[in-house]
Amino acid sequence: MKGIILAGGTGSRLFPATLATSKQLLPVYDKPMIYYPLSVLMAGGIRDILVISSPADLPAFRRLLGDGTRLGLRISYAEQDRPRGLADAFRVGRDFIGGDPVALILGDNMFHGEGLGQMLARAITLASKGAVVFPYRVANPQHYGVVELDEQFHAVGIEEKPEHPKSNWAVTGLYFYDNQVVELAAGLKPSKRGELEITDLNNLYIAKGQLFAMPLSRGFAWMDAGTEEALLQASQYVAAIEARQGLKIACIEEEAWRMGFIDTDQLAVLGQSLAASAYGQYLLALAQRHKNIRN
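Asks: Explain the overall build of the protein chain to me, please; I cannot follow it from the model alone.
Replies: Scanning the protein chain for helices and strands turns up 11 helices and 13 strands. Since a compact globule built from 295 residues should have a radius of gyration of about 19 Å, the 19 Å found for the protein chain is in line with a globular shape. When the backbone C-alpha atoms are referred to their principal axes, the protein chain occupies close to 55 × 40 × 40 Å. Within the protein chain, buried positions represent 53% of all 295 residues. Taking the contacts inside the protein chain whose residues are at least 6 apart along the sequence as the reference set, 73% of them involve residues at least 24 apart. Here the protein chain has roughly 13800 Å² of accessible surface; of this, 51% comes from carbon and sulfur atoms. If the 29 positive side-chain charges of the protein chain are averaged to one point and the 31 negative ones to another, these points end up 2 Å apart.

Asks: Teacher, can you tell me more about the pairing of strand E10 (residues 155-160) here?
Replies: On a regular strand, each side chain points to the face opposite its neighbour's, so the side chains alternate between the two faces of the sheet. Across five bridges, strand E9 (residues 145-149) lies against E10 in antiparallel orientation. Residue pairing across strands places Leu-149 opposite Ala-155, the latter belonging to E10. Between E9 and E10, which pair antiparallel one after the other, the connecting turn spans five residues, and Phe-153 there sits at a positive phi close to 65°.

Asks: Just checking my understanding: could you explain the environment of Glu-148 for this structure?
Replies: Mapping Glu-148 onto the fold places it in strand E9. Since its relative accessible area comes to 30%, Glu-148 is described here as partly exposed. Placed 29 residues apart in sequence, Glu-148 and Tyr-177 show a C-alpha to C-alpha distance of 19 Å. Once residues within four sequence positions are removed from consideration, Glu-148 is found in contact with His-154, Ala-155, Val-156, Gly-157, Lys-166 and Ser-167.

Asks: In this structure, what is going on with the nonpolar core? I would like to understand it.
Replies: Most often, soluble globular proteins have nonpolar side chains that are buried together. One finds Leu-65, Phe-134 and Phe-176 to be the most contacted residues of the largest nonpolar core, which totals 53 residues. Of all the elements, helix H1 (residues 35-43) adds the most residues to this core, at six residues. Beyond its immediate sequence surroundings of up to four residues, Phe-176 is in contact with Met-1, Val-102, Ala-103, Leu-120, Ala-123, Ile-124, Ala-127, Gly-130, Ala-131, Val-132 and Phe-134. In terms of nonpolar packing, the next biggest core, distinct from the first, is built from 35 residues, Ala-78, Phe-96, Ile-97 and Ala-185 among them.

Asks: What is the right way to look at the packing of helix H10 (residues 264-273) against helix H11 (residues 278-294) in this model?
Replies: In the contact formed by H10 and H11, the axes pass within 7 Å of each other and the chain directions differ by 155°. With respect to their mutual orientation, H10 and H11 come out roughly antiparallel. As H10 runs across H11, the sense of the crossing is left-handed. Two secondary-structure elements touch here, H10 through Thr-264, Asp-265, Leu-267, Ala-268, Leu-270, Gly-271 and Gln-272 and H11 through Gly-280, Leu-283, Leu-284, Leu-286, Ala-287, His-290, Lys-291 and Arg-294. Partitioning the contact of H10 with H11 into residue classes produces seven nonpolar, five polar and three charged.

Asks: Even after reading the chapter, I still don't get the pattern of salt bridges, so can you show me in this structure?
Replies: As a working rule, side chains carrying opposite charge can pair if their charged atoms are close by. Under the counting rule described, the total for this entry stands at 14 salt bridges. Of the charged contacts, one joins Lys-23 and Asp-108 as a salt bridge, the two residues approaching to 2.8 Å between their closest N and O atoms. With a gap of 85 residues between them, Lys-23 in the loop between strand E1 (2-6) and strand E2 (27-28) and Asp-108 in the loop between strand E6 (102-106) and strand E7 (109-112) connect regions that are remote in the sequence. Here Lys-23 and Asp-108 have matching classes, each one buried. Notably, a salt bridge pairs Glu-242 with Lys-248, separated by 3.4 Å at the nearest N-O pair. Sharing partners across several salt bridges, the network here consists of Asp-30, Lys-31, Glu-242 and Lys-248.

About the criteria used
- Residues numbered from 1 in each chain as written.
- Predicted model: local features only at pLDDT ≥ 70, side-chain atom pairs only at ≥ 80, totals over all residues.
- Heavy atoms only, no water.
- Helix = DSSP H or I, 4+ residues; strand = E, 2+ residues; numbered from the N terminus.
- Rg over C-alpha atoms; globule rule 2.2 N^0.38 Å.
- Buried < 20%, exposed > 50% of the residue type's maximum accessible area, 1.4 Å probe, protein only.
- Contact = heavy atoms within 4.5 Å.
- Areas by Shrake-Rupley, 256 points an atom, 1.4 Å probe, with all protein chains shown as cover.
- Lys, Arg positive; Asp, Glu negative; His and termini not counted.
- Charge placed at Lys NZ, Arg CZ, Asp CG, Glu CD.
- Pairing = 2+ DSSP bridges.
- Core = buried A, V, L, I, M, F, W, Y, C linked by side-chain atoms within 4.5 Å.
- Axes fitted to C-alpha atoms, helices over the stretch in contact; angles between N-to-C directions.
- Parallel < 35°, antiparallel > 145°, perpendicular 65-115°, else oblique.
- Left-handed = near helix turned anticlockwise from the far one by under 90°.
- Nonpolar A, V, L, I, M, F, W, Y, C, P; charged D, E, K, R; others polar.
- Salt bridge = Lys/Arg side-chain N within 4 Å of Asp/Glu carboxyl O.

Okay, structure coming up:
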């Protein structure tokens, strides 16, 4: 399976902080925001990843992530010259996707919880039969795309920001699709706001009986860091967990090492390149502990 991170948009809700940089490059506590969705794809074993952003912001993403080789990944880039809706990612990424299934994650979404890798593995299996969404219970569903579920938690309908929501299950910014998504997205018509809506795409899968819902349990945290308040809350959450556990969330170098994409010596090299920071010292300590255990 291939992965797409959609990191476009103007970030206008965060002006003036995003007047000179992409929202997805802002820090969430101790690391750039894009590390969080990237680490999710990596936890699912996805190593071939496309970053979609604006022409102005792509050079900064390239400086940050490179071609992915240092992490055992293959990272490529594509331009979206203006926001055209989430489903436009499958048009922009058509050549990248080729004949493969694909996961799409939004560049400002964060997921954290025990068993994330196992959940993603199950989703990859389900996506061979259609599409998978990951609903999350929220207190204010009218602000989100809302999915209606039957008693077996099968998706029966999705509405975008409904005035009278039929459930409290918000559709999060993580989606898995089989390869028919390429043609389905190509046939979408722009909505009243002139965008290709991911809700319209997902409803096509519902009409086929091929949209599977994997609700996130109470033990999971999902955050959309698209406003000042949400960005602060996300940073506070990460800071609290990392301080209490002594473990980092969305540390892409550690994720690459734990997934077997790189070895311990490579992890140490990455840590040394960042050794002036607490982040780099964390990587060095991680590599050293493993070497001590191994010896």
